[in-house]
Amino acid sequence: MEDSFEALIASYMATKVGVVENFIGASLSKHLNDTILALHQKNLLVPAGIGNIQKLQHNQLIRKDIIYWLDRKNNNVYENEFLTQIEAFISYLNESCFTGITGYEFHYSFYEKGAFYRKHLDQFQDNSSRQFSLISYLNLDWKIEDGGELCIYQEENIQKISPTNGKTIFFKSNELLHEVLVTQKQRLSITGWLKR
């Protein structure tokens, strides 16, 4: 596990965008994929908003995904396994990089065909608690023509990352503008923030 943690941090240090292929293993990824599909089948996902809870807005011209928050109180063994791994990563990150992360929040993110999320930063204007963004993809058999890339903007450089299964992305929440390009089929992930 620590090898994938170190690889993610090293990639982030080199380019400001950490990318690692197998942060979560194939078995856990499949179980999480099944879980989000079951939640969707039961109509338990809700439209994602823009802004923090005091200024929450829903605007489908900006963001069209639907979400479901992970919580240990859900008593889902696979969500808890994922959150245990996140807690281990936070401990490793704090010990190796002195980041002072004290909490986290994560949700499933489900994009139907044709959905997108326009260019944005992840940190709220009036709340700087989100320090790092972390996204793990749950898309089995994803192909280039399926679209849905995470597009990250760094000065003159535009990086497009395909949301292939098991891949995890890690970057500073207040630094990098990014967007989700239009997806051509259902696109699944766990998206969240490491907080201080």
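This structure is a prediction, so every number in the text was calculated from the model and none was measured.

(A) Representation of unusual backbone geometry in the model. For Asn 43, which is not glycine, the phi torsion reads 60 degrees and is therefore positive. Counting through the fold element by element, Asn 43 comes out in the loop between α2 (26-41) and β2 (46-47).

(B) Examining the side chain of Ser 29 more closely. With respect to the helices and strands, the residue Ser 29 is situated in helix α2. Overall, Ser 29 belongs to the buried group, its relative accessible area being 0%. Not counting chain neighbours up to four residues away, the residues in contact with Ser 29 comprise Ile 24, Tyr 137, Leu 138, Asn 165 and Gly 166.

(C) Layout of the sheet that holds strand β9 (residues 168-172). Strand order in this open sheet of seven strands is β1-β9-β6-β11-β4-β3-β2, and the pairing throughout is antiparallel. The sheet is open, and its two edges are formed by β1 (18-20) and β2, each paired on a single side. Two strands pair when backbone bridges link them, and β2 and strand β3 (residues 66-69) are joined in this way by two bridges, in the antiparallel orientation. Bridge pairing in β3 places Val 46 opposite Ile 67.

(D) Just the environment of Leu 121, in detail. By the element assignment, Leu 121 lies in the loop between β5 (117-120) and β6 (130-137). Between the C-alpha atom of Leu 121 and that of Tyr 153, which follows or precedes it by 32 residues, the distance is 11 Å. Ignoring anything within four residues of it in the chain, the contact list for Leu 121 reads Ser 173, Asn 174, Glu 175, Leu 176, Leu 177 and His 178.

(E) Layout of the sheet that holds strand β10 (residues 177-180). Overall, antiparallel pairing links the four strands, which are arranged β5-β10-β7-β8 in an open sheet. Each edge of the open sheet is held by one strand with a lone partner, namely β5 and β8 (157-161). Across the sheet, the mean angle from the axis of one strand to that of its neighbour is 15 degrees, orientation sign disregarded. As paired strands, β5 and β10 are joined by two bridges and run antiparallel to one another. When the sheet's bridge partners are listed, Tyr 117 is paired in β10 with Val 180.

(F) Summary view of the pattern of salt bridges. Summed over all chains, the structure comprises six salt bridges. Its salt-bridge partner being Arg 63, residue Asp 65 comes within 2.6 Å of it at the nearest N-O pair. Here Asp 65 falls in the buried class, since its relative accessible area comes to 2%. When the shortest N-O distance is used, the salt bridge between Lys 195 and Glu 105 registers 3.5 Å. Linking Lys 195 in strand β11 (residues 187-195) with Glu 105 in strand β4 (residues 103-111), this pair joins segments that are 90 residues apart in sequence. Overlapping salt bridges bring together Glu 105, Arg 130 and Lys 195 as one network.

The rules we used
Residues numbered from 1 in each chain as written. Predicted model: local features only at pLDDT ≥ 70, side-chain atom pairs only at ≥ 80, totals over all residues. Heavy atoms only, no water. Helix = DSSP H or I, 4+ residues; strand = E, 2+ residues; numbered from the N terminus. Buried < 20%, exposed > 50% of the residue type's maximum accessible area, 1.4 Å probe, protein only. Contact = heavy atoms within 4.5 Å. Pairing = 2+ DSSP bridges. Axes fitted to C-alpha atoms, helices over the stretch in contact; angles between N-to-C directions. Salt bridge = Lys/Arg side-chain N within 4 Å of Asp/Glu carboxyl O.

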